[in-house]
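Reading the structure
Each chain is listed here by its residues.
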Amino acid sequence: MSAAERNSDFDLSLIIICRDSMAVLPHCVGAVQPLMMQGELRVECLVVDMDSSDGSQEYLAAERDRWHISGFVSEPLENRFAAMNRGLELAQGRVCLFISPETELMVENTAACCEPILRGEAECVFSTAVQVNPDTGRHRPQTPNPEHLFLRTPCNHAAFFCATSLLRRLGGFDWQRYSALADVDVMHRVLAADASYRVASLSTCRQYVRPEREENEALHVDFLRFIAAHREEILLQCRAHPSYAVRTVHEILRHAVRCDWPVTDDTLQALDALLSDLSRVIRPIIRRKIARRLRRRALIQALLIPFKGLRRARITRKLCRSHFHVARLLEKSV
């Protein structure tokens, strides 16, 4: 750690990313105030506004004048990850935490997650985010698991505390490559860099999010591209732990059924190559069993398509195509 980092004016840079979020932004900013005033951490609260037109800019200017936030910028940025990079540029704290306006910080646990990084014992901390449906009040904790290498999200990005110096060393968020998954990508790059980390059994935020009527297709497309891009690393895991190959097949199916099928040619070719390699790792008897099960499920679902509504029929067709495609690739090496 450099002398400049040790002498930083702030321990934590809390960066809120927003666009036309006036309906929820005041609650988010209000929840941060106890953290800024309690004195246990030296906290700066920065807001990166993506050129809102709903009054957010005027509200943020007033909150800055009241010292409720440390500062804000409003710029026409491409997406939230480009905005997160802008916040990373502005951050003066030794630790960075990025949240959305739908997030309510749990102040009582924030300092505990910053401490290992501030003491130099770790470079990042994975904690738990609690997703809350504001209509029903139903809670669903998203617990961290950095062992889900290349297949799952290690941690909700609003519960991921990371040394600012490490994020900058890694080049921030690759929003041009992964428009919907750059936060997951940066977490995996942190793990691939052998950065020291801690997993905290603490809930550090609540996210008030209504279930979307439609799946975020871009997220699942990015996950397929992400899995395909880490083919060699996944195969290494599969050779060390054969059950990992079966998990990989199921994860590919989980994302494939939630996006347009077939996916783009380059991603499809990379996935086909990965599945062909996986078919050589999985034991023949298990491979045949998976392929038969996929074909059976696809046939049953295909027969049910005429009896489903339009939306369910569309999803079922994706499911059938995905299952038939994967089964065919697995059977090539039988």
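Heads up: these notes are all about the structure in this document.

The rules behind the values
Residues numbered from 1 in each chain as written. Predicted model: local features only at pLDDT ≥ 70, side-chain atom pairs only at ≥ 80, totals over all residues. Heavy atoms only, no water. Salt bridge = Lys/Arg side-chain N within 4 Å of Asp/Glu carboxyl O. Helix = DSSP H or I, 4+ residues; strand = E, 2+ residues; numbered from the N terminus. Buried < 20%, exposed > 50% of the residue type's maximum accessible area, 1.4 Å probe, protein only. Axes fitted to C-alpha atoms, helices over the stretch in contact; angles between N-to-C directions. Parallel < 35°, antiparallel > 145°, perpendicular 65-115°, else oblique. Left-handed = near helix turned anticlockwise from the far one by under 90°. Contact = heavy atoms within 4.5 Å. Nonpolar A, V, L, I, M, F, W, Y, C, P; charged D, E, K, R; others polar. Pairing = 2+ DSSP bridges. Right-handed = clockwise from strand over helix to strand, strands pointing away. Arc of directions from axis to C-beta.

This part covers the pattern of salt bridges. On inspection of all chains with the given rule, the structure shows 16 salt bridges. Put simply, Arg 169 and Glu 123 hold a salt bridge, and the shortest N to O gap is 3.2 Å. Of this pair, Arg 169 sits in helix α6 (residues 164–169) while Glu 123 sits in the loop between α5 (107–118) and β6 (124–132), and the two are 46 residues apart along the sequence. For Glu 123, a relative accessible area of 24% puts it in the partly exposed group. Salt-bridge contacts for Arg 152 lead to Glu 251; the nearest nitrogen and oxygen are separated by 3.0 Å. Pair noted here: Arg 152 is in the loop between β7 (139–142) and β8 (160–163) and Glu 251 is in helix α10 (residues 243–256), with a separation of 99 residues, a long-range link. Looking at Arg 152, the relative accessible area reads 33%, which means it is partly exposed. Among the charged side chains, a network of salt bridges with common partners joins Glu 115, Arg 119, Glu 121 and Arg 198.

All right, on to the packing of helix α2 (residues 25–37) against helix α3 (residues 56–65) then. Interhelical geometry of α2 versus α3 gives an angle of 20 degrees and a closest axis separation of 11 Å. Compared by their axis directions, α2 and α3 come out roughly parallel. Crossing geometry of α2 relative to α3 is assigned as right-handed. Across the interface between the two elements, Leu 25, Pro 26 and Val 29 from α2 touch Ser 56, Tyr 59, Leu 60 and Glu 63 from α3. For the contact of α2 with α3, the residue count by class is 5 nonpolar, 1 polar and 1 charged.

Moving on, we come to the packing of helix α9 (residues 231–240) against α10. Running from N to C, α9 and α10 cross one another at 135 degrees; their axes reach a closest spacing of 6 Å. Regarding the angle of α9 to α10, the classification is oblique. The residues of α10 that touch α9, namely those facing Ile 234, Gln 237 and Cys 238, are Tyr 244, Ala 245 and Thr 248. For the contact of α9 with α10, a count of residues per class yields 4 nonpolar, 2 polar and no charged.

The subject of this paragraph is the pairing of strand β2 (residues 43–49). Burial within β2 is extensive, with 7 of its 7 residues counted as buried. Here β2 shows a buried face lined by Val 43, Cys 45, Val 47 and Asp 49 and a second buried face lined by Glu 44, Leu 46 and Val 48. Here strand β1 (residues 10–18) runs beside β2; their pairing, made up of 7 bridges, is parallel. Looking across to β2, one finds that Ile 16 is bridged to Val 47. Pairing of β2 with strand β3 (residues 71–74), which is carried by 4 bridges, proceeds in the parallel orientation. Paired with Val 47 across the bridge in β3 is Phe 72. In terms of handedness, the path from β2 via α3 over to β3 forms a crossover that is right-handed.

Looking now at α3. A turn of α-helix holds 3.6 residues, and therefore any two residues three or four places apart point the same way. Within α3, burial applies to Ser 56, Tyr 59, Leu 60 and Glu 63. One side of α3 holds all its buried residues, which, seen down the axis, span an arc of 95 degrees. Opposite its buried face, α3 presents the exposed residues Glu 58 and Asp 65, each directed more than 90 degrees away. Residues of α3 that are buried in the fold lie against β1, α2, β2 and β3. In the stretch just after α3, Trp 67 is the one whose phi turns positive, near 65 degrees.

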